[in-house]
Structure formats: structure tokens, C-alpha cells
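Each chain, letter by letter, is given below.
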Amino acid sequence: MANLICIVCPKGCHLTVDEETLAVKGNSCPRGAEYGKNELTHPVRVVTSTVRVEDAFIRRCPVKTKGSVPKEKMFDVMAALDDVCLHAPVHVGDVVVPDVCGTGIDVVAARELPKE
């Protein structure tokens, strides 16, 4: 048995997952059951961070992966963002890094940053 706390919503349900059958108990919604199963078989996360920006009043732009990436790739994704430098203007949804680390998921801008 694996004990987890669901991170899909703010409720934070305490899940118990049978490692052999992947039966989930303690979830208050179907998303919690899916999370519990996935966490044992193929854990994924949405990565959020910031990147540098030139020619804008604010010098950092929040970014996030457009979907979930394998948990084991999180540090690779963060490393890929280290060398990124955007140039204003930046628009919400602009692709910052396409297909980050071969995951098939894009990193996108999460804030509007007009040119200075």
C-alpha cells in the first residue's frame, strides 16, 4: 500500500493506493483516483518557473509547461530554462521553449510584458 496526498485540487485528499491492483481509496473525486494510479505508474507534473526578459520594465517572465511532463524530467526542464532570454513584448501563451526536452510539451509565457 502507498499513502499519498492528492495534489490535483486544494482538498488534499489522503489516498491509499494498492500497489498491485492500483485500487485507490480516500479520493473524493475521479481525478484523485486517476492521480493515485498515475503517481505509482507514471508520475507527471506541470513545471512553473521564470525566465529572463530584455527590453521590459519587469526583468523576469513567469512561464509554465503547457501540459504535464514526466516527473523525472523536471530538473532537465528547469535546466533548459536557465539560458532562455526573451525580448519584449511578450504575450501570454507565447511559446518560450517548444517540445522542451523532447517531451512533446511546450513551455509558454504566463504574463504580458510590453516593451519598455
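Let us look at the structure shown here.

Each value, and the rule that gives it
- Residues numbered from 1 in each chain as written.
- Predicted model: local features only at pLDDT ≥ 70, side-chain atom pairs only at ≥ 80, totals over all residues.
- Heavy atoms only, no water.
- Helix = DSSP H or I, 4+ residues; strand = E, 2+ residues; numbered from the N terminus.
- Expected span 1.5 Å × (residues − 1).
- Buried < 20%, exposed > 50% of the residue type's maximum accessible area, 1.4 Å probe, protein only.
- Arc of directions from axis to C-beta.
- Contact = heavy atoms within 4.5 Å.
- Salt bridge = Lys/Arg side-chain N within 4 Å of Asp/Glu carboxyl O.
- 1 Å grid on protein atoms, 1.4 Å probe; cavity = no way out; pocket = protein on both sides within 12 Å on 5 of 7 lines; lining within 4 Å.
- Points joined across faces, edges and corners; volume = space filled by probe spheres on them.
- Nonpolar A, V, L, I, M, F, W, Y, C, P; charged D, E, K, R; others polar.

**Here we look at helix H1 (residues 30-41)**
Item 1. Its 12 residues give H1 an end-to-end C-alpha distance of 17 Å, which sits within 8% of 16 Å, the value for a rise of 1.5 Å per residue.
Item 2. Taken as a whole, H1 has its buried residues at Gly 32, Ala 33, Tyr 35, Gly 36 and Glu 39. For H1, the angular spread of the buried residues around the axis is 160°, confining them to a single face. Exposed residues lying more than 90 degrees from the buried face of H1 are Pro 30 and Thr 41.
Item 3. Where H1 is buried, its residues touch strand E1 (2-5), strand E2 (14-17), strand E3 (24-25) and strand E4 (44-45).

**Things to note about the pattern of salt bridges**
Item 1. Following the criterion strictly, the structure yields three salt bridges and no others.
Item 2. Notably, a salt bridge pairs Arg 45 with Glu 39, separated by 2.9 Å at the nearest N-O pair.
Item 3. Of the residues examined, Glu 39 reaches a relative accessible area of 13% and is grouped as buried.
Item 4. With a shortest N-O distance of 3.8 Å, Lys 71 and Glu 39 are connected by a salt bridge. Taken together, the residues span a long stretch of sequence, with Lys 71 in the loop between strand E7 (69-70) and helix H2 (74-82) and Glu 39 in helix H1 at a distance of 32 residues.
Item 5. Several salt bridges converge on common partners, so that one network encompasses Glu 39, Arg 45 and Lys 71.

**With respect to empty space enclosed by the protein**
Item 1. Enumeration according to the criterion identifies one cavity of 30 Å³ or more in this entry.
Item 2. A volume near 30 Å³ is recorded for the largest cavity.
Item 3. As for the largest cavity, its lining consists of Cys 6, Cys 9, Gly 12, Cys 13, Asn 27, Ser 28, Cys 29 and Gly 32.
Item 4. Among the residues making up the lining of the largest cavity, the classes are represented as four nonpolar, four polar and no charged.

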